[in-house]
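# Summary of structural features
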Amino acid sequence: MSRITVLRLGHRIARDKRVTTHVALVARAYGAHEIIITGDRDDNLIRRIEIIVEKWGGPFSARFEDNWREVIRRFKEAGAAIIHLTMYGVNLPDIIDEIRRIWRDGKDLLVIVGGEKVPGEVYGLADYNIAVGNQPHSEVAALATFLDWLQEGEELRREFSNAKLKIIPSPRGKKVIRLGSEGLPINEDDAGH
Ligand code: SAM
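Attention here is on the structure that accompanies the text. The shown structure was predicted, so the numbers you read here are calculated from the model rather than taken from an experiment.

## Comments concerning the overall build of the protein chain
Of the regular secondary structure elements, the protein chain holds six helices and nine strands. Scaling as 2.2 N^0.38, a compact globule of 193 residues should have a C-alpha radius of gyration of about 16 Å, and the protein chain matches this with 17 Å. When the 193 residues of the protein chain are sorted by exposure, 42% land in the buried category. Partitioning the intrachain contacts of the protein chain with sequence separation of at least 6 by distance along the chain shows that 77% fall at a separation of at least 24. Placing the 29 positive and 29 negative side-chain charges of the protein chain at their respective mean positions leaves the two points 4 Å apart.

If you want it as structure tokens, here you go:
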């Protein structure tokens with residue numbers, strides 16, 4: 001399966017701490033392979049994401065890059081499709097078949113989500129400007145919905161590798177097992193995590 005990378009533009013340490021963390025959590029949980037964050041360099045944010053991956057598995061990585069233009073240029077050169085999520089774009093139901101087709105045919109995807117202000121240049125550099133409904137909402141919701149429509153829910157059944165913790169789905173309460181280095185259960189508890 002081809003790779004999905006999320007590019008989060010314009011992170012601001014003070015104001016976007018939680019939102020960017022949630023963008024990263026959604027990227028990982030909904031089947032992306034990595035997130036690249038631009039804006040203010042925030043090593044604590046990267047560390048928080050790495051701790052999630054150490055506990056709950058991957059593969060997933062997070063890193064900062066200084067220059068978003070350079071990131072887009074590199075992915076374009078490598079043949080990836082550049083997808084910018086924006087409320088001004090083509091509405092998701094009208095374009096998702098084409099995106100699924102190119103992705104299943106092996107094209108990597110760079111999925112861009114913005115912050116407060118997205119530079120106009122991004123619209124021109126993107127191969128696809130896609131709206132998750134043409135109404136303003138959130139980068140977290142837009143990313144989750146896009147990734148879910150792309151993979152038609154299959155991402156929710158994904159097994160994560162090298163996890164230390166795994167949830168046993170339960171109709172009531174919390175059931176979590178610890179996994180050893182071979183991915184086998186080493187004990188069970190039902191404490192919160
Ligand atoms: N006003 C900003 C701009 O310059 O476009 C966008 C602010 S919005 C809170 C932050 C991000 O959420 C956007 O850059 C976009 O990636 C995403 N977003 C918000 N609503 C969206 C929608 N309806 N469809 C797709 N993405 C959306």
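Structure shown, so let's carry the discussion forward.
## Regarding the site of the ligand
Taken together, 19 residues form the shell around the ligand, and within it Leu-85, Glu-116, Val-132, Gly-133 and Gln-135 come nearest. Thr-86 has a polar backbone atom sitting 3.5 Å from a nitrogen atom of the ligand. Backbone polar atom of Gly-133 to a nitrogen atom of the ligand: 2.8 Å apart, as the coordinates give it. Its free accessible area being 570 Å², the ligand has 83% of it covered by the protein chains. Its atoms largely coinciding with the cavity grid, the ligand occupies the second largest pocket. The set of elements that each furnish at least two residues to the shell around the ligand consists of strand E4 (81-91), strand E6 (128-131) and helix H6 (139-151). Ranked by the residues each element gives to the shell around the ligand, the list is headed by E4, at three residues.

Criteria and cut-off values
- Residues numbered from 1 in each chain as written.
- Predicted model: local features only at pLDDT ≥ 70, side-chain atom pairs only at ≥ 80, totals over all residues.
- Heavy atoms only, no water.
- Helix = DSSP H or I, 4+ residues; strand = E, 2+ residues; numbered from the N terminus.
- Rg over C-alpha atoms; globule rule 2.2 N^0.38 Å.
- Buried < 20%, exposed > 50% of the residue type's maximum accessible area, 1.4 Å probe, protein only.
- Contact = heavy atoms within 4.5 Å.
- Lys, Arg positive; Asp, Glu negative; His and termini not counted.
- Charge placed at Lys NZ, Arg CZ, Asp CG, Glu CD.
- Near = heavy atom within 4 Å.
- Polar contact = N/O pair within 3.5 Å; in protein donor to acceptor, adjacent residues only side chain to side chain.
- Areas by Shrake-Rupley, 256 points an atom, 1.4 Å probe, with all protein chains shown as cover.
- 1 Å grid on protein atoms, 1.4 Å probe; cavity = no way out; pocket = protein on both sides within 12 Å on 5 of 7 lines; lining within 4 Å.
- Sits in = over half its atoms within 2 Å of the grid points.

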